[in-house]
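# Working through the structure, step by step
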Amino acid sequence: MANDSKTWRCGKYELSFDRPRIMGVLNVTPDSFSDGGEHFDPDAAIEYGLAMLDAGADIIDVGGESTRPGFTPVNPDEEARRVLPVVRALAKEGAIVSIDTRHVAVAKAAVRCGASIVNDVTGFTDPKMVEFVKTSTCGVIVMHAGEVAAPTRTHATVQLDTSAAAFVAEKAREAAAEAAREAEKPARRRRGKLLGEPKPEAKLPGGVVQPSLPFGEPEPATEPASEQETPAAEQAAAAETVAPAPEATEAASEPNDRLAAMMRRSARREEAHVPTSQLRRFTLPDSAPIMRRVMGFLSDQARALIHAGVSRDRICIDPGPGFGKTANEGIVIQRETAKMASLGYPLMCAVSRKRFVGAVSGVTEAAERDAATFGVCLGAIQAGANIVRVHDAAGFAQFLNGYWAVAKPQPRRAFVAVGSNLGHRCDNIRAARDMIAEIPLTCVSNSSKIYESEPAYEMRQDAFANAVIEIKTELAPLVLLDELMKIEAELGRDRSKKAKANGPRTIDLDLLWMDGETHGGKKLRLPHPLIGERDFVLVPLEDLMHDPARFFRYNGVEVKEPEDRVGHIVGELGRM
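The following refers to the structure shown. Every value quoted in this text rests on a predicted model; they were computed, and no experiment measured them. (Residues numbered from 1 in each chain as written. Predicted model: local features only at pLDDT ≥ 70, side-chain atom pairs only at ≥ 80, totals over all residues. Heavy atoms only, no water.)

We now examine the pattern of salt bridges. Taken as a whole and assessed by the stated rule, the structure comprises 35 salt bridges. Two residues, Arg21 and Glu517, come together in a salt bridge whose shortest N-O distance is 3.1 Å. Residue Arg21 is found in strand β3 (residues 21–27), and its partner Glu517 is found in the loop between β17 (508–514) and α17 (535–541); the two are separated by 496 residues along the sequence. On the basis of relative accessibility, which here comes to 0%, the residue Arg21 falls in the buried class. Of the residues examined, Glu517 reaches a relative accessible area of 4% and is grouped as buried. (Salt bridge = Lys/Arg side-chain N within 4 Å of Asp/Glu carboxyl O. Helix = DSSP H or I, 4+ residues; strand = E, 2+ residues; numbered from the N terminus. Buried < 20%, exposed > 50% of the residue type's maximum accessible area, 1.4 Å probe, protein only.)

Here's what the structure looks like:
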């Protein structure tokens, strides 16, 4: 299951997997397969990325080049122009940003702009990309892109007639042909053999002759007198024989873009119908050769990164559903999620709206496959996937919160700051504490004393009463925040635009920290971005933990010295 001990270090962030993490897809492209053009404008992309964070996404995966089947490659300069403003804006809001690129120049620029993860669809097969990530601290996603079926050799159908009459007739034809060749041969010999003499047929033990079977290239047919005399079917066949293979054409036109060629082959392979006289005996192909190729590539590339100097806890793996794989192969790979999870790296499930999801659900339009996507993702989570990459982050967050609340009892520690400087301040704080205890799947485990503090940020107002409440909750952070906002509204907090942001208030509830949670966005930041400078928060926390300054510094929060803080504590007002 996803609640395991794996962690993923991504720059300054560390993701734990006590619950599955949601990666929201943000395509800044005009031609992505399900949402092309919707977020091509940088401002629209930034707004959508923030909305996904506020809806429950943990990571935003920003891409500037579509890699759908039949995609048109984008040069690195154009890709960077699309994605860098978006990466910079989201990282500024505290988001964990992943850059979805196969170009090392784009990856470098995005990490400089604040990206914490490099998601390389070519699996770090470019030595320059490996050289870059080994000198950085970003997280890396190794993806398998390529066909997983063994190549097949096509050959002409061979029919053998084993009757005695046929054997005698065949020998007579061979003897006549040999006599004709002997009559036409020149008398010249080289090293004791006639020029043009056919090679002797291979003999098996016991002197049995093994005939040469036509598994090689077919002999060219005799050319007709004129093209007009050639039947249409024969002309078409000749055209196919003479024309270069599609792979060769692609290689000639785009010698360095193997991914584009592979995805075009994948599209043709998915759509092609190959007639066969022998029906399959099983509904799916054998999983062993498929998983050998996928898991072998992923583990080999991960080991290569480790040997290059990338620490193991920075590596995530992705089997690459839809990249060179048929619907049957995609299902085989998803059913083997537990095997891939056993490799020990964080495992991504990136099936959102893919063609094989449509195949198993019967949904033709890619944008309408979200419900089916959720079902496939749930199966992957149950088998050990840690991260799900989805287009509909808001819908999947609701889906996951509902499932997780019932299936996975998981109380986590959190701290809520409480403040008031209007009305009966201490009574307001106690009322808020009692209402917090009534939130579903939540209990109050401890409370600090109530302290009086100077105003912070807006000085022309009365002194505040402040406390910190320690709780245990099984709710997701954004769901808990919504419950806290309801309590504020019920106790008379004015959050309208006319109210000053840091002005007087009957009650103020801030979610400061939650065990295992890092979050960015406009609605919620975890840990709270101002916790390290607020004396009216850090002093009450001393009642609940030893050395809160050290605790939060260890969790990556900058904590100021007491004299440099705001809202200094000036006295005690009593206990809760």
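Below, the discussion takes up the packing of aromatic side chains. If you walk through the whole model with that rule in mind, you get seven aromatic pairs. Aromatic pair Phe374 and Phe399: ring centres 5.5 Å apart, planes at 40°, arrangement tilted. One end of the pair, Phe374, is in helix α13 (residues 370–383); the other, Phe399, is in helix α14 (residues 393–407), with 25 residues separating them in the sequence. Residue Phe374 is classed as buried on the basis of its relative accessible area, which comes to 10%. Here the guanidinium or amino end of Arg312 rests over the ring plane of Tyr345, the centre of that ring lying 4.1 Å away. (Phe/Tyr/Trp six-rings, centres within 6.5 Å; stacked < 30°, edge-to-face > 60°. Lys NZ or Arg CZ within 6 Å of the ring centre and 35° of its normal.)

Our next topic: helix α9 (residues 287–308). When the terminal C-alpha atoms of α9 are compared, their 31 Å separation across 22 residues agrees well with the 32 Å that a helix rising 1.5 Å per residue should span. What α9 keeps buried is the set Ile290, Met291, Val294, Met295, Leu298, Ser299, Gln301, Ala302 and Leu305. Mapping the buried residues of α9 onto a view down its axis gives an arc of 155°, with all of them on the same face. For α9, the exposed residues lying more than 90 degrees away from the buried face are Arg292 and His307. One or two residues past the end of α9 sits Gly309, with phi positive at roughly 120°. (Expected span 1.5 Å × (residues − 1). Arc of directions from axis to C-beta.)

Bear in mind that shape data such as this cannot, by itself, settle questions of function.
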